[in-house]
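Structural characterization, general
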Amino acid sequence: MRTRIKFCGFTREQDVQTAVSFGVDALGFVFYPPSPRYVAPYKAAELIHHVPAFISTVGLFVNSTVPQITRILSQVPISAIQLHGDESWNFAINASKIMQRPVIKAVRVTPQTDWDEVTHHVDQLAGVLLDADAAGYGGAGHVFDWSVIPSELRHKIILSGGLRLDNISDAMRTVQPYALDVSSGIEAGVKGEKDADKMAAFVQTVLTAMC
C-alpha cells in the first residue's frame, strides 16, 4: 500500500506551487485564528486556485461549530475537513453527513487514549489522524510513542506529530501508516513558510522507504 503525503499549514502561493510540483497528495489550510499558520478564507481561496485536479485540499478547524465551518466552505473550495480540536466522534460523523465532505478527526495520543474507541470509529470517517499531545492545537513538532498504536490500526491511520527528515523512515518502518501529515518538519524556520528543499527531501524519503 502506498503511503499518502499531506503537507499542512500553507500561507504562501510559492509554497503551494512547490508542494504540488513534488507530487504531494493533499495540502492543508488552517482556519484556526490563534494559529501562526492561520490563513484567512479569501487568501485560502486564492491559494487553492493554484491547486490542480486530483490533489486534495483540506481545511483544518479547531472546535468550530457546523455553521462556522459551513461559512468557510461557502468561501473556499475545500475538498475535506480536518477536525483538530476537542470535537466528539459523534460531532465528526454528523458534520460529514451535514456538510457532505470527507471528515478527518485528530486524536491527541496520551496514556488515557481509548484505543477501542478509535478502532470502533476509524472506519466511520474518512480518516483518523494521530498526533502528539501538546499545549494548544497542532503543529507543536512533538513525537509520541508510535509503539502504542495497536497493530490493527496502523495501516489505517494518518500519522502526525514531530515528523522530520531524520525520523520518517523509522515512522514508515514502525507504523506503515495510510498517510503522513507534516507541518513544522518542512518549514523554513518561520511557521507557515515552507522550505522547498525540506519538502523535496521529505517526499523522496517517503518514496524510498516504500521501495
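Structural data are supplied above this passage.
Quick summary incoming for the structure in this document. Bear in mind that the values here come from a model prediction, so they are computed numbers and not experimental data. (Residues numbered from 1 in each chain as written. Predicted model: local features only at pLDDT ≥ 70, side-chain atom pairs only at ≥ 80, totals over all residues. Heavy atoms only, no water.)

**A short note on the overall build of the protein**
- Helix and strand content of the protein: eight helices and eight strands.
- Against the 2.2 N^0.38 benchmark of 17 Å for 211 residues, the protein shows a C-alpha radius of gyration of 16 Å, consistent with a compact globule.
- Along the three orthogonal principal directions, the C-alpha set of the protein runs to about 40 × 40 × 30 Å.
- Burial analysis of the protein (211 residues in total) assigns 50% to the buried set.
- Intrachain contacts of the protein at a sequence separation of at least 6 include 54% that bridge at least 24 residues.
- Of the accessible surface of the protein, which amounts to about 9700 Å², a share of 51% is contributed by carbon and sulfur atoms.
- The average position of the 18 basic charges and that of the 21 acidic charges among the side chains of the protein differ by 3 Å. (Helix = DSSP H or I, 4+ residues; strand = E, 2+ residues; numbered from the N terminus. Rg over C-alpha atoms; globule rule 2.2 N^0.38 Å. Buried < 20%, exposed > 50% of the residue type's maximum accessible area, 1.4 Å probe, protein only. Contact = heavy atoms within 4.5 Å. Areas by Shrake-Rupley, 256 points an atom, 1.4 Å probe, with all protein chains shown as cover. Lys, Arg positive; Asp, Glu negative; His and termini not counted. Charge placed at Lys NZ, Arg CZ, Asp CG, Glu CD.)

**Focus on the nonpolar core**
- Counting 57 residues, the largest nonpolar core has Phe7, Leu27, Leu159 and Phe202 as its most contacted members.
- The greatest single-element share of this core, amounting to five residues, is contributed by helix H4 (residues 89–99).
- Among residues more than four places away in sequence, those in contact with leucine 159 are Leu130, Phe144, Trp146, Ile149, Ala171, Val175, Pro177, Ala179, Leu180 and Asp181.
- Of all hydrophobic cores here, the second largest spans eight residues; its members include Val58, Ile104, Ala106 and Ile158. (Core = buried A, V, L, I, M, F, W, Y, C linked by side-chain atoms within 4.5 Å.)

**Concerning the layout of surface pockets**
- Considering only enclosed or pocket space, the second largest pocket measures out at about 340 Å³ in volume.
- Lining the second largest pocket are 18 residues; nearest its centre among them are Ala26, Ser56, Val58, Ile104 and Tyr178.
- Sorting the residues of the lining of the second largest pocket by element identifies strand S1 (4–8) and strand S3 (56–61) as the ones contributing at least two each.
- With three residues, the top contributor of residues to the lining of the second largest pocket is S1. (1 Å grid on protein atoms, 1.4 Å probe; cavity = no way out; pocket = protein on both sides within 12 Å on 5 of 7 lines; lining within 4 Å. Points joined across faces, edges and corners; volume = space filled by probe spheres on them.)

**Re the pairing of S1**
- Here S1 lies mainly inside the structure; four of its five residues are buried.
- Here S1 pairs with strand S8 (residues 179–182) via four bridges, running parallel. Residue pairing for S8: lysine 6 is matched across the bridge by aspartate 181.
- Here S1 pairs with strand S2 (residues 26–30) via three bridges, running parallel. The partner of lysine 6 across the bridge, within S2, is alanine 26.
- For the crossover from S1 across helix H1 (residues 13–21) to S2, the handedness is right-handed. (Pairing = 2+ DSSP bridges. Right-handed = clockwise from strand over helix to strand, strands pointing away.)

**Concerning a negative patch on the surface**
- On the surface, Asp114, Asp116, Glu117 and Glu152 cluster together into a negatively charged patch.
- Note on placement: aspartate 116 falls in helix H5 (residues 115–121).
- According to the relative accessible area criterion, aspartate 116 is exposed, its value standing at 66%. (Patch = residues over 30% accessible without salt bridge, like charges linked within 9 Å, V, L, I, M, F, W, Y side chains within 5 Å. Salt bridge = Lys/Arg side-chain N within 4 Å of Asp/Glu carboxyl O.)

**Observations concerning H4**
- Every buried residue of H4 is listed here: Trp89, Ala92, Ile93, Ala95 and Met99. Down the axis, H4 shows its buried residues gathered within 160° of arc, on one side only. Exposed and oriented more than 90 degrees from the buried face of H4 are Asn90, Lys97 and Ile98.
- Check the buried side of H4 and you find it contacts helix H3 (66–73), strand S4 (80–83), strand S5 (103–109), H5 and strand S6 (127–132).
- Following H4 by one or two positions, glutamine 100 has its phi on the positive side, about 55°. (Arc of directions from axis to C-beta.)

**Some points on the packing of H3 against H4**
- Two numbers describe how H3 lies on H4: the axes approach to 11 Å, and their chain directions differ by 40°. When the interaxial angle is binned, H3 and H4 end up oblique. In the packing of H3 onto H4, the handedness of the crossing is right-handed. On H4, the residues that touch Val66, Ile69, Thr70 and Leu73 of H3 are Phe91, Ile98 and Met99.
- Its residues placed into classes, the contact of H3 with H4 shows six nonpolar, one polar and no charged. (Axes fitted to C-alpha atoms, helices over the stretch in contact; angles between N-to-C directions. Parallel < 35°, antiparallel > 145°, perpendicular 65-115°, else oblique. Left-handed = near helix turned anticlockwise from the far one by under 90°. Nonpolar A, V, L, I, M, F, W, Y, C, P; charged D, E, K, R; others polar.)

**Topic: the side chain of lysine 105**
- Relative to the elements of secondary structure, lysine 105 occurs in strand S5.
- One buried charge, lysine 105, has no salt-bridge partner; the nearest side chain with opposite charge is glutamate 87, at 4.9 Å.
- Ignoring any residue separated from it by four or fewer positions in sequence, one finds lysine 105 in contact with Leu83, Glu87, Ser88, Trp89, Ala92, Leu125, Gly127, Val128 and Leu129.

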